[in-house]
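Okay, here's what each chain looks like letter by letter:
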Amino acid sequence: PAIPINSEHLIELYQSVPNLKIIDSRHHQDYALGHIDLAHNLPLQKIDCNTLSSLGLKTSQAIVFYCNSGGQGSAAAVRIASACGYQRLFWLEGGFIEWKDKDYPFIIE
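What counts and what doesn't
- Residues numbered from 1 in each chain as written.
- Predicted model: local features only at pLDDT ≥ 70, side-chain atom pairs only at ≥ 80, totals over all residues.
- Heavy atoms only, no water.
- Disulfide = S-S within 2.5 Å.
- Helix = DSSP H or I, 4+ residues; strand = E, 2+ residues; numbered from the N terminus.
- Buried < 20%, exposed > 50% of the residue type's maximum accessible area, 1.4 Å probe, protein only.
- Pairing = 2+ DSSP bridges.
- Contact = heavy atoms within 4.5 Å.
- Axes fitted to C-alpha atoms, helices over the stretch in contact; angles between N-to-C directions.

**Here we look at the state of the cysteines**
What is meant by a disulfide is a covalent connection between two cysteines, made through their sulfur atoms. A full pass over the atoms with the stated rule returns 1 disulfide. Paired through a disulfide, Cys49 and Cys84 show a sulfur-sulfur distance of 2.0 Å. Disulfide Cys49-Cys84: torsion about the S-S bond near -95°, hence left-handed. Of this pair, Cys49 sits in helix H3 (residues 49-54) while Cys84 sits in the loop between helix H4 (72-83) and strand S5 (88-92), placing them 35 residues apart in sequence. Among the residues examined, Cys49 registers a relative accessible area of 39% and is labelled partly exposed. Just so you know, Cys67 is unpaired, no disulfide at all, and the nearest cysteine sulfur is the one on Cys84, 18 Å from it. Residue classification places Cys67 among the buried positions, given a relative accessible area of 8%.

Structural data, given as structure tokens:
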């Protein structure tokens, strides 16, 4: 149910899709060490229908999930969001590591 994307596609989505939501599903410590600008930190352990809804997300809204390497964390987050009825889901395959390796800008807290 999620469309796999790379970093370049994320930039295109960011520029062309109104109200795009980016969810960083990593632990807060990883998020604090570096994350994509405007990404909301929601660790995988806290993702459920209630927390997604509490962010004000609509089931028709485009949402991108990422973790460190595009592996288990974001894939599991996508499955949860899909089960909650969210339909426009994207998964950053290479995760934050790919983003950083391509020298795209990121935020450190």
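**As for the sheet that holds strand S3 (residues 40-41)**
Spatially, the 5 strands line up as an open sheet ordered S1-S5-S4-S2-S3, and their pairing is parallel. Pairing within the sheet leaves two strands with one partner each, and these edge strands are strand S1 (2-5) and S3. Taken together, the 4 bridges between S1 and S5 define a ladder with parallel strand orientation. From the neighbouring strand, Ile5 faces S5, where its bridge partner is Leu92. Set on the sheet, H4 makes contact with S1, strand S4 (62-66) and S5; between it and S5 the angle comes to about 175°.

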